[in-house]
Amino acid sequence: MKRCNLCVVVSTPSIMADQLSPEEKFTLITRNLQEVLGEEKLKQVLQERELKVYWGTATTGKPHVAYFVPMSKIADFLRAGCEVTVLFADLHAYLDNMKAPWELLELRVKYYEQVIKAMLESIGVPLQKLRFIKGTDFQLSREYTLDVYRLSSMVTEHDAKKAGAEVVKQVEHPLLSGLLYPGLQALDEEYLQVDAQFGGVDQRKIFTLAEKYLPSLGYAKRAHLMNPMVPGLTGAKMSSSEEESKIDLLDSKEDVKKKLKKAFCEPRNIQNNGVLSFVKHVLFPLRGEFCIKRDPKWGGDKVYTGFEEVEKDFAEEMIHPGDLKASVEAALNQLLDPIRKKFESPELRKLTNSAYPDPSKTKAGGKGAKTGGGEDGELVPSRLDIRVGKVISVEKHPDADSLYLEKIDVGEPEPRTVVSGLVAYVSQEDLQDRMVLVLCNLKPQKMRGIESQAMLLCASVEGEPRKVEPLDPPEGSSPGERVFVEGYESEKPDEKLNPKKKVWEKLQVDLKISDECVAQWKDKKLLTKLGHITCKTLKGGNIS
């Protein structure tokens, strides 16, 4: 049996790009893509000269291992002789609901440049064959600005919103900047003088907007190359904003092991399997083979030279999920080791901390201050809109004996309807006119036919019997007063928590009651301007 080789490098092509036929170049350029718009244009250009391609990345959250998917395609483009431009889209990062604050734009560009170059070096891509450019190097020019105005006079609000639906952060009250984002990305194709733009399939609507409107400005329609979206470790899209779905490029080996151990990798299930997808879209294109490492009593090591065979064996339970994870872990750490080593330097550690400051240490209005309640979707407690409320009325739910139906004043023109399962734990008399804590930015949901518009927060201790107590705001509190975690006072909550991101569920795990009966998140106190949030007796309890 062929021995496993864990060295992860880009295979050195036996044939140079100038020895490939146009048809062979086209095959290499388009392999593993989910969709190509403008195939005939690509083929025509390749008959005449080398293709010019650009890939852009908005400099927002820290890049994660899914970025190896576009990196491996960039390696394919270079093998095919393409002229490749990498755009650090700093202005786009700001326009996308201010995911990157203006004062951090330059630092984040520097971080992205260092980490993207480190990724490319780790897979053996020669940097001298690439052109790196920053968006604000040309997007603030007179000519570009005039084209933005020309384009804005043609693109409808409907088309702009639709184009950015899967890329621009969606909020209840969108900013005008998010509508500009797709048009700027379209104009980049002209100003970078490329034949094609490369991106994820989530960018398809932006690509079709570019194809529709660039000719109206007198510019050529470009081709578009689209990668599939790689599932994250939870089975959904791997995202910088969903901590559990991704492995950061600077994660330690211990963190990689821990995250892969938790990864969704159900036996026989080959759909939405982020571990398998990483093998397909990163390891095979880079190495041409994949080795399953396993104990001899389970068949020993096996080298696969095609992904289809890996997928087939996994579907037939010839590969155990634990062995797949362990083998991916070994290969992934080989990719990450040179990146980790590069970022051990004091200069790059300082850059990392400056570009992504600890939110608990940021002050309102100071350098690096955050806005919008945890930009980049970071898991910070300021994303929760917790307010003091007053129970105006409380009655039994008409269709559920265990539920109360409450009207709670949270400082808005009308009280909110809240359904809570407290009948077994708190009497109606104790709730009536009581000051409570209410989580106000969950998505409303129906509970036995009645929509609950918020959650009444309580402390609880499991056991027989289970004990539950509503949280208490400080004496003298008024409805609508904001509750915050110490160190996160200056940040704004999300308009609405996206239930698919499970922000509340992930933050709630670290909400506890201290031995002094004070509510805390990761040992930091929950406060209002008047003092601490407490409960009466449930020391060490959970909060939900």
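So, here is what we can say about the structure in this document. (Residues numbered from 1 in each chain as written. Predicted model: local features only at pLDDT ≥ 70, side-chain atom pairs only at ≥ 80, totals over all residues. Heavy atoms only, no water.)

Another aspect to go through is unusual backbone geometry. Cis geometry is found at the peptide bond from glutamate 464 to proline 465, where omega equals 0°. Following the sequence through the fold, proline 465 ends up in the loop between strand S16 (458–461) and strand S17 (467–470). Positive phi, close to 65°, is recorded for aspartate 433, a residue that is not glycine. Examined against the element boundaries, aspartate 433 turns out to sit in the loop between helix H15 (428–431) and strand S12 (435–439). A residue is classified by how much of its surface remains accessible, and aspartate 433, at 47% relative accessible area, is partly exposed. At lysine 522, a position not held by glycine, the phi torsion is positive, near 50°. When you line up the elements, lysine 522 lands in the loop between strand S20 (519–521) and strand S21 (524–528). (Helix = DSSP H or I, 4+ residues; strand = E, 2+ residues; numbered from the N terminus. Buried < 20%, exposed > 50% of the residue type's maximum accessible area, 1.4 Å probe, protein only.)

Turning our eyes to something else, we now look at the sheet that holds strand S1 (residues 35–37). With mixed pairing, the 6 strands of this open sheet are ordered in space as S1-S6-S5-S2-S3-S4. Whereas interior strands pair on both sides, the edge strands pair on one side only; in this sheet they are S1 and strand S4 (130–134). Taken pair by pair, the neighbouring strands of this sheet meet at an average axis angle of 20°, ignoring direction. As defined by bridge partners, S1 adjoins strand S6 (residues 223–227) across 3 bridges and the pair is classed as antiparallel. Residue pairing across strands places glutamate 35 opposite methionine 226, the latter belonging to S6. (Pairing = 2+ DSSP bridges. Axes fitted to C-alpha atoms, helices over the stretch in contact; angles between N-to-C directions.)

Don't take any of this as a statement about function, it's just geometry.
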